[in-house]
Amino acid sequence: MEQVVIIGTGCAGYTSAIYTARANLSPLMLSGSQPGGQLTTTTEVENFPGFPEGVMGPDLMMNMQKQAEKFGARIEYQQVESVSRRAEDGIFEIKTNTGTIESQTVIIATGAAPRHLGLPNEKELIGHGLTSCATCDGAFYRDVPVAVIGGGDSACEEAMFLTRFASEVFLIHRRDELRASKIMADRTIATEKVTPVWDSQVVEYIADDEGEMTKIKVENLKTNELSEIDVKCVFVAIGHVPNSKFLGDLVDLDDNGYIKQVPGTTSTKTEGLFAAGDVADHVYRQAITAAGQGCAAAIEAERFLADAD
Ligand code: NAP
């Protein structure tokens, strides 16, 4: 029987692991399909306190992992399918692709997954010129035109990163101003290789005979005019969907799928079940706020276990 199981290995997960490990609770972390979470798909992080020169996202996560393991956290690569709570003794049963784990408390730190537009052929095109990770795939598209969809900080970050490789980066946004922070927006627009395509929505991905992305059809939302742009890859950066579905009735979700916490805490509606980071935070969604919530969830889990003794 585990005392604490942490589902997810992003900023929230590792921070709760560091705290619960230092409290001698020997946490078990379950890492799903994206070990290290969203920061492993970014480049430089300039706003995580303590790194005046910035830090590469994957390096930051590697360091968090080392720090958690140093204090005794264990990490296993298992995909969680469902979580339930036994009525008779309140123990959680975590069903994974390899078995069932029992635990007294669970911290959900599963973050959020990239959202897509929902166009007909996008499933087939993912990995063939359609992606949501410039860091992972940008270098494959050297000296060719690419597009980024979105107007937030992620879209700007992706666009800026892609200028290292691509011949031209079309930044396609459905409005005529970026949602991104001013510093990021100004920097992106001022970059020579970035061509903003305002008030526009991609309405079709067009593949070549080999099934690789070759063009996008774009609608101007003000004039309804349609045009085609040649691109070899489209990077979608239109936000994320929280990874919360596998929890069933144990949690309440808001309209966008974010887990509802008891105000002022990381507790969910189920005793002993805590939620931290982007899976529960639609407001801030920052690495540092996720880490802060991970810390809070660890302390609350520790207190819950102490009260249960
Ligand atoms: P976001 O801020 O929610 O922006 C999503 C963008 O996608 C918006 O511009 C939105 O358009 C657009 N969009 C949403 N649905 C769309 C659709 N169906 N079709 C076309 N466009 C669509 O998401 P994000 O950029 O991923 O950022 C998430 C959070 O992480 C933010 O708090 C951000 O500040 C933070 N972040 C920070 C950094 C950094 O500081 N280094 C880097 C990345 C992210 P509208 O503007 O019209 O709504």
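All of these numbers come straight from a predicted model, not from anything done at the bench. (Residues numbered from 1 in each chain as written. Predicted model: local features only at pLDDT ≥ 70, side-chain atom pairs only at ≥ 80, totals over all residues. Heavy atoms only, no water.)

### Details of empty space enclosed by the protein
Consideration 1: Taken as a whole and judged by the stated rule, the model has 1 cavity of 30 Å³ or more.
Consideration 2: Roughly 40 Å³ of volume is contained in the largest cavity.
Consideration 3: Looking at the lining of the largest cavity element by element, the count peaks at 3 residues for helix α5 (residues 153-162).
Consideration 4: Broken down by class, the residue content of the lining of the largest cavity amounts to 2 nonpolar, 4 polar and 2 charged. (1 Å grid on protein atoms, 1.4 Å probe; cavity = no way out; pocket = protein on both sides within 12 Å on 5 of 7 lines; lining within 4 Å. Points joined across faces, edges and corners; volume = space filled by probe spheres on them. Helix = DSSP H or I, 4+ residues; strand = E, 2+ residues; numbered from the N terminus. Nonpolar A, V, L, I, M, F, W, Y, C, P; charged D, E, K, R; others polar.)

### Side note on the site of the ligand
Consideration 1: Lining the immediate environment of the ligand, one finds 20 residues, of which N47, D153, S154, R175 and R179 sit closest.
Consideration 2: The separation between an oxygen atom of the ligand and a polar side-chain atom of D153 is 2.6 Å.
Consideration 3: Note that an oxygen atom of the ligand is positioned 2.9 Å from one of the side-chain N or O atoms of R174.
Consideration 4: In isolation the ligand has 910 Å² of accessible area, and contact with the protein removes 80% of it.
Consideration 5: No other element matches the 3 residues that α5 contributes to the shell around the ligand.
Consideration 6: For the shell around the ligand, the class distribution of residues is 4 nonpolar, 10 polar and 6 charged. (Near = heavy atom within 4 Å. Polar contact = N/O pair within 3.5 Å; in protein donor to acceptor, adjacent residues only side chain to side chain. Areas by Shrake-Rupley, 256 points an atom, 1.4 Å probe, with all protein chains shown as cover.)

### Description of the sheet that holds strand β14 (residues 200-207)
Consideration 1: With antiparallel pairing, the 3 strands of this open sheet are ordered in space as β14-β15-β16. In the strand order of this sheet, the two ends are held by β14 and β16 (226-230), each with one partner. Across the sheet, the mean angle from the axis of one strand to that of its neighbour is 30°, orientation sign disregarded. (Pairing = 2+ DSSP bridges. Axes fitted to C-alpha atoms, helices over the stretch in contact; angles between N-to-C directions.)

### Examining the pairing of strand β8 (residues 99-108)
Consideration 1: The pairing of strand β1 (residues 2-7) with β8 spans 5 bridges and is classified as parallel. Within β8, the residue paired with V5 across the bridge is V106.
Consideration 2: As paired elements, strand β7 (residues 92-96) and β8 share 5 bridges and run antiparallel to each other. Bridged to F92 within β8 is S103.
Consideration 3: In textbook terms, the turn of a hairpin is the stretch between consecutive antiparallel strands, and for β7 and β8 this stretch comprises 2 residues.
Consideration 4: Across 3 bridges, the pairing between β8 and strand β19 (residues 273-275) is parallel. Following the sheet pairing, V106 is matched in β19 by L273.

### Some points on the domain arrangement of the protein
Consideration 1: As assigned here, the protein comprises domain 1 (2-113 + 240-308) and domain 2 (116-236).
Consideration 2: The interface is formed by 5 residues belonging to domain 1 together with 6 residues belonging to domain 2.
Consideration 3: Around 480 Å² of area is buried between domain 1 and domain 2 when both sides are counted, 48% of it from carbon and sulfur atoms.
Consideration 4: Among the residues domain 1 hides against domain 2, the three largest losses belong to T41, T43 and E46. Together they make up 71% of the total.
Consideration 5: Joining domain 1 to domain 2, the criterion identifies 1 salt bridge.
Consideration 6: With its nearest N and O atoms 3.7 Å apart, the salt bridge here joins E46 to R187.
Consideration 7: Viewed at the interface, domain 2 and domain 1 are joined by 0 residue pairs in polar contact (both at pLDDT 80 or more).
Consideration 8: For the side of domain 1 that touches domain 2, a count of residues per class yields no nonpolar, 3 polar and 2 charged. (Domains from an automatic or database assignment. Contact = heavy atoms within 4.5 Å. Buried area = accessible area lost by both parts, 1.4 Å probe. Salt bridge = Lys/Arg side-chain N within 4 Å of Asp/Glu carboxyl O.)

### Details of the sheet that holds strand β10 (residues 130-131)
Consideration 1: The strand order across the open sheet formed by 5 strands is β10-β17-β11-β12-β13, and the pairing between neighbours is parallel. Of all strands in the sheet, those bounded by a partner on one side alone are β10 and β13 (194-197).
Consideration 2: The pairing of β10 with strand β17 (residues 233-236) spans 2 bridges and is classified as parallel. Among the inter-strand pairings, T131 is bridged to a residue of β17, identified as F235.
Consideration 3: α5 rests against β11 (145-149), β12 (168-172), β13 and β17 of the sheet, and its axis sits at about 165° to β11.

### Focus: the packing of aromatic side chains
Consideration 1: Here the structure, examined in full by the defined rule, presents 4 aromatic pairs.
Consideration 2: Where F161 meets F165, the ring centres are 5.4 Å apart and the plane angle is 65°; that geometry is what we call edge-to-face.
Consideration 3: In this structure F161 comes out as buried when scored by relative accessible area, which is 10%.
Consideration 4: The class for F165 is buried, based on a relative accessible area of 12%.
Consideration 5: The cationic tip of R22 hangs over the ring face of F71; the distance from NZ or CZ to the ring centre is 5.3 Å. (Phe/Tyr/Trp six-rings, centres within 6.5 Å; stacked < 30°, edge-to-face > 60°. Buried < 20%, exposed > 50% of the residue type's maximum accessible area, 1.4 Å probe, protein only. Lys NZ or Arg CZ within 6 Å of the ring centre and 35° of its normal.)

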